[in-house]
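Commentary on secondary and tertiary structure
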Amino acid sequence: MLPTRLRKNKNIRNLVRETELTMNDVIYPLFVVDGTNIKTEIPSMKGQYHFSLDRLPEEIAELRDLGIRFVILFGVPDDKDELATPAFDRDGIIQKAVRVVKDTDPDMYVITDLCLCEYKSDGHCCFFNTDGTIDRKRSLDTLSRTAISQVEAGADMVAPSDMMDGHIASLREALDDAGYESIPIMGYSAKFASAFYGPFREAANSAPAFGDRRAYQMDPANADEALKEVELDIEEGADIVMVKPAMPYLDIIAKAKELSYLPMAAYQVSGEFAMLRGAVDAGLMDERALYEALICIKRAGATIIITYFAKDLPELIRKYQS
Ligand code: PBG
């Protein structure tokens, strides 16, 4: 414990504090749907909404007023198909959403989630061969095509969340070939097969129709396997690496941080959000728990946090970080 003389008032506590949260640390996830005049609360994620394109500008303006500078977009189209066509359609939901955000606020930094599960009728992140194994080439080609369509629409960064082997290298090459050398890639490098994604799958309508994602996501019991994945993404050219979920995996964040000097991100996922929000709203925990969860993720080594609490952060900082 710090000596009492370093704890005796607010000023000295602020001076010796090792970690602080700022609005530059957080990325806010947004779910965009087809249709018009939709701002509907996602039942599994209180306070988070599905937006149709026409209702997006008002939300972007609100985010800007709150000081949020970074968003990650998820597209939730009405129609999915076996080829995942809505993922790479020039006028797909996510491509249109990127254009709307950029038209509303050109300074808003737009990251696109890059995966197929939201666009593919079976809800899986990849294509399969007839024998049930993953069709890597077809999956990677479709992901690259999707990424290019997102960047053409104006995305500033792409975040592949698919977990295919070799996905970062293949994506880097495709982006470079298309002339997008300056677009960074944030890899969902250590992505665990987690029950904490439950509320998101309702939000993104992306629960797999058969099986689960254990064929391509990692066993929560394993750290070495996760670190290996992080290492591979770094070797393949990721600019930012990510660990997901965040709070139950702080050890992975801390260890991954030691592997390189790349910026580290952590995704505080839907289940973490629902759990904390629910407990605080039920009066079981003080709201300070929200701040604590975020600061601990940063302390563990993530300087970037994708969080559904981004809109609460200005208030949390004001109350608990002074
Ligand atoms: C896949 C993706 C998922 C999340 C982000 N990207 C779901 C999954 O892997 O099943 C989860 C995010 C969350 O739970 O908040 N495109």
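Residues numbered from 1 in each chain as written. Predicted model: local features only at pLDDT ≥ 70, side-chain atom pairs only at ≥ 80, totals over all residues. Heavy atoms only, no water.

Some details on the state of the cysteines
All chains considered together, the criterion is met by zero disulfides. In this structure C115 is a free cysteine whose sulfur lies 3.5 Å from that of C125, the closest cysteine sulfur available. Just so you know, C117 is unpaired, no disulfide at all, and the nearest cysteine sulfur is the one on C115, 3.9 Å from it. Assessed through its relative accessible area of 5%, C117 is described here as buried. (Disulfide = S-S within 2.5 Å. Buried < 20%, exposed > 50% of the residue type's maximum accessible area, 1.4 Å probe, protein only.)

Overview of the pattern of salt bridges
Oppositely charged side chains can pair when the atoms bearing their charge come close. Summed over all chains, the structure comprises 20 salt bridges. Residues R17 and E20 are paired through a salt bridge, measuring 3.1 Å at the closest nitrogen-oxygen approach. Using a relative accessible area of 28% as the deciding quantity, one classes R17 as partly exposed. Under the relative-accessibility criterion, E20 is labelled partly exposed at 35%. A salt bridge links K46 to D281; the shortest N-O distance between them is 2.8 Å. Of this pair, K46 sits in strand β3 (residues 45–52) while D281 sits in helix α10 (residues 270–281), and the two are 235 residues apart along the sequence. Connected via shared salt-bridge partners are K46, R277, D281 and D312. (Salt bridge = Lys/Arg side-chain N within 4 Å of Asp/Glu carboxyl O. Helix = DSSP H or I, 4+ residues; strand = E, 2+ residues; numbered from the N terminus.)

A word on helix α2 (residues 56–66)
Here α2 has its buried residues at L56, E59, I60 and L63. An end-on view of α2 places all buried positions within 100° of arc, on one side of the element. Immediately downstream of α2, the backbone of G67 shows phi near 90°, a positive value. (Arc of directions from axis to C-beta.)

Some points on the packing of helix α4 (residues 93–104) against helix α5 (residues 136–152)
As a packed pair, α4 and α5 sit with axes 8 Å apart at the nearest point and diverge in direction by 25°. Between α4 and α5, the interaxial angle falls into the category roughly parallel. As for the relative orientation of α4 and α5, their crossing is right-handed in sense. Touching I94, Q95 and V98 of α4 are T146, S149 and Q150, all from α5. Its residues placed into classes, the contact of α4 with α5 shows two nonpolar, four polar and no charged. (Axes fitted to C-alpha atoms, helices over the stretch in contact; angles between N-to-C directions. Parallel < 35°, antiparallel > 145°, perpendicular 65-115°, else oblique. Left-handed = near helix turned anticlockwise from the far one by under 90°. Contact = heavy atoms within 4.5 Å. Nonpolar A, V, L, I, M, F, W, Y, C, P; charged D, E, K, R; others polar.)

Some points on the side chain of K311
Relative to the helices and strands, K311 is located in the loop between β12 (304–307) and α12 (313–320). Polar side-chain contacts of K311 include one of 3.2 Å to the side chain of E62. (Polar contact = N/O pair within 3.5 Å; in protein donor to acceptor, adjacent residues only side chain to side chain.)

Some points on the packing of helix α8 (residues 224–236) against helix α9 (residues 250–259)
One can describe the packing of α8 onto α9 by two numbers: an axis separation of 10 Å at closest approach and a directional angle of 35°. In terms of crossing hand, the pair formed by α8 and α9 is right-handed. Here A226, L227, V230, E231 and I234 of α8 lie close against α9, whose contacting residues are I252, K255, A256 and L259. In terms of residue class, the contact of α8 with α9 is built from seven nonpolar, no polar and two charged.

Focus: the pairing of strand β11 (residues 264–268)
Of all five residues making up β11, five are buried, and the element is well covered by its neighbours. Of the two faces of β11, the one holding M264, A266 and Q268 and the one holding A265 and Y267 are both buried throughout. The pairing of strand β10 (residues 240–244) with β11 spans three bridges and is classified as parallel. Each bridged residue has a counterpart across the sheet, and for M242 the counterpart in β11 is A265. Assessed by its sense of winding, the connection that carries the chain from β10 through α9 to β11 is right-handed. In this sheet, β12 lies alongside β11 in parallel orientation, the contact comprising four bridges. Bridged to A265 within β12 is I304. (Pairing = 2+ DSSP bridges. Right-handed = clockwise from strand over helix to strand, strands pointing away.)

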